[in-house]
Amino acid sequence: MSTKALLIELLTEELPPKALQRLGEAFATTIEADLKKLALLPDDYQYRYFATPRRLAILIDKVLPQAPEQDFVEKLMPAKVGLDAAGNATPALTKRLEAKGLAHLTVADLSKESDGKQDFLIARGKAPGAILKNRIQEVVEHCISQLPIPKVMRYQLADRQTTVRFVRPAHRLVVLHGDEILPVQALGLSAGRITEGHRFMGAKTISLTDAEEYEQRLADEGMVIADFERRQAMIREQLHRIADSLDTTLGEDPEVAELLNEVTALVEHPTVYVGQFDRKFLAVPQACLILTMRLNQKYFPLFNKADGKLDHRFLIVSNMHLADPKNIIEGNERVVRPRLADAEFFFDTDKKTPQNERVAQLANVVYHNKLGSQLQRTERVQALAALIAEQLGTNKQEAERAAYLAKADLVSLMVGEFPELQGIMASYYAAGEQESSAVCQALAHQYDVRFNLAPSKDGITALILFVAERVETLVGIWGIGSIPTGERDPYGLRRAALGIISAYEWLEQAQLDGISAAHLDLPALLAKSLSLFDASSELNPNTATEVYEFILERYRNQLQAEHSKAVIDAVLAVNPPLDQIPERIAAIEAFSALDEAESLAAANKRISNLLRRSEDEVHNFDAALLQDEAEKNLFTTLQAVEPEVMTLFQSKDFTGGMSRLAAVRPAVDDFFNDVMVMTEDVAIRANRLALLQRLHGTMNLIADISRLA
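As the structure is a prediction and not an experimental result, all values here were calculated from the model.

Peer 1: Can you walk me through the environment of Thr-679 in this structure?
Peer 2: Here Thr-679 shows up in the loop between α25 (665–674) and α26 (682–699). We classify Thr-679 as buried; its relative accessible area is 18%. Considering only alpha carbons, one finds Thr-679 and Met-699, 20 residues apart in sequence, at a separation of 24 Å. With sequence-adjacent residues up to four places away left out, Thr-679 is seen in contact with Ile-684, Arg-685 and Arg-688.

Peer 1: What is the right way to look at the sheet that holds strand β15 (residues 248–249) in this model?
Peer 2: Through backbone hydrogen bonds, the strands of a sheet pair up, either in parallel or in antiparallel fashion. Judged by pairing direction, the sheet is antiparallel, and its four strands sit side by side in the order β15-β17-β18-β16 without closing on themselves. In the strand order of this sheet, the two ends are held by β15 and β16 (271–276), each with one partner. Sheet analysis places strand β17 (residues 300–304) next to strand β18 (residues 310–318), joined by three bridges and oriented antiparallel. Across the sheet, the residue bridging to Phe-300 is Leu-315, located in β18. Running over the sheet, helix α8 (residues 286–296) touches β17 and β18 and is turned about 145 degrees from β17.

Peer 1: Just to check I follow, could you spell out the packing of aromatic side chains for this structure?
Peer 2: The relation between two aromatic rings is expressed through the spacing of the ring centres and the mutual angle of the planes. Following the criterion strictly, the structure yields 11 aromatic pairs and no others. On the basis of an interplanar angle of 20 degrees and a centroid distance of 5.9 Å, the ring pair of Phe-347 and Tyr-429 is categorised as stacked. With a gap of 82 residues between them, Phe-347 in helix α9 (residues 326–350) and Tyr-429 in helix α14 (residues 424–432) connect regions that are remote in the sequence. Look at Phe-451 and Trp-506: their rings are 5.1 Å apart centre to centre, the planes differ by 90 degrees, and that puts the pair in the edge-to-face class. Note that Phe-451 is positioned in the loop between α15 (437–444) and α16 (459–479) and Trp-506 in helix α17 (residues 493–510), a separation of 55 residues in sequence. Note on Phe-451: relative accessible area 4%, which makes it buried. By way of ring pairs, the aromatic residues Phe-277, Tyr-299 and Phe-314 are connected into one cluster. The ring of Phe-120 is capped by Lys-75, whose NZ or CZ atom sits 4.1 Å from the centre of that ring. The ring of Phe-466 carries the charged tip of Arg-470 above its face, separated from the ring centre by 3.6 Å.

The rules we used
- Position numbers for residues start from 1 in each chain and track the written sequence from start to end.
- Restriction of local features to residues with pLDDT of at least 70 applies here, the model being predicted, together with a cutoff of 80 or more for giving and counting side-chain atom pairs; totals for whole chains, interfaces and linings are based on all residues.
- As a convention, hydrogens and water are excluded, and side-chain values are obtained from all of the structure's heavy atoms.
- Strands are runs of DSSP state E lasting at least 2 residues, helices are runs of H or I lasting at least 4, and numbering of each runs from the N terminus.
- Buried, partly exposed and exposed residues are distinguished by accessible area as a fraction of the type maximum, computed with a 1.4 Å probe on protein chains only: under 20%, between the cut-offs, and over 50%, respectively.
- Two residues form a contact once any of their heavy atoms are found within 4.5 Å.
- Here, strands pair whenever DSSP counts at least two bridges between them.
- A fitted line through C-alpha atoms serves as each axis, taken over the contacting stretch for helices, and the angle formed by two N-to-C directions is quoted from 0 to 180°.
- Each pair of aromatic rings taken from Phe, Tyr and Trp, with Trp reduced to its six-membered ring, is defined by centres within 6.5 Å and is described as stacked if the planes are under 30 degrees apart, edge-to-face if over 60, and tilted in the remaining cases.
- The criterion is that NZ of a Lys, or CZ of an Arg, lies within 6 Å of the ring centre and within 35 degrees of the ring normal, and then a charge sits over that ring.

Right, dumping it as structure tokens:
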């Protein structure tokens, strides 16, 4: 059966730019998947999706008008219900066949098959394939219902009675199979063959003769580049070519790629122009200028190739291609000037207020109605920063100073206008008041998702503030019961936990003299943080323990990408210090490869079960009560191995400790082969359990190896 191209296009008012690419992909993949299920697509088909500010579309190059015949198997009903004593169809079977569209079948056409309990009547045969014209309505409806719409609009149709819910009001629907319009109605629209070009430069309407001409005619007559990725590539090429010609770059921030996605979704025919602003604005911190140009105006700031500093020129992605773009450029320059002037005013005005005065103003800023003001929070973070500095043996005064100034910029004019600059502005204002470079660096990086500064002693102050803030947040928010559930985590506690883990990893990798991750006592910090909150906050008294377990659980998820679940479970089961987790995992992985590992893991599991069953009994060990050779041998072996394992454990040679532990395997095997632990003699049983309890403690110093069984 011959195939034809299928085009489905939905024309709307301007779609949300940040969601456009996702909407376009979902529109196409849902339609493609549904047609594939209906067997309407041959093996060698290809499809493309299109997404512009005003349209979502898919073009599939080969679609069958009708699917091939399909084998079907229909389980009807138990044979005893469908057949009477003479073997004829009962009324129930007749009705079932009619309901299934199989009324033409007779009893002779059916087979009996048992499901192990009773015989069922089964209908088998060939069913005619789906007809595209008859099924396309449900395909389009299903696609519209499945779109990942960020926020649904409700609007009335022209009849002023019918209400429709969609991402934006829809104006046209095109559904063409080759040159044929397929009968589809959706969102109050009937399918046709008319699409629309660019609002200002192209043909207002284009009547398509055939589905395959869609993209080319839109480009030639409508001045619309419908393919999202092609449009994005055009913009990228123009941006880099023009930036290079000006001896500048676009920078390497992740925000450049995000902005490129967004502007691609804002234009249908992109052209890049160069604008500029007064050089005097370069005296304002460049982060402020970059933010206002990218966030508010969707411009691409340029940076000098020589020094990486912000240039006074910027790039504009326009939806208009003009021989003389003077008006477009001047218009955009007029728009950006007052935004930059505002930033200049905010910066100059903010500099007149000392940081210490701003900190005092934090008493009037609510942090959380159950946790007090931002000033109270600052005091808690200060106390934690001091404790961390003591643990790490580093500059306590710098750490406290960074914590003291961290939130001062929240009451500045600049952060009031541009909340995204909090922390960055604190750093600029601190530098203006001659604070140390370590303090300024700490302020600038306090909101980083992960702690990944270049290793240096100066970075320690930043790390202290980074950890102190996250500990205070976790304990406070968790303590009042705002615990993450499912996908909901409004206070970013998962992110805070991962941030703390990244700080430990940084300390391990930095290898700074006299400073180690082992010195950072997280349980002590969590307990200290809990004590710093006012009694009126009524925090859960178990918060410190629960938060530590929560952090371990986040670490578990992170580790699963590289290590087996059993190994991770074994290590985390003993709640180890965060800094020791990587080394313990390496040790357990090495131990797992030993011949003795499987037997010892199984024995450890058996011991755990025995001890659990008798946990109410008192187990006091007495060597004089040992009777069997196997238990005496186990005691002797344990006496020899235990101190060595303990020494290796204390020196953090976890791999060596686990390797030495493997030596107890023969004695453990003999013990369980020859000795009955749960003997009727109470004293002997208690003594044997005490011996096993001692063995259990030694075996599980580094990890709960029963999790390997």
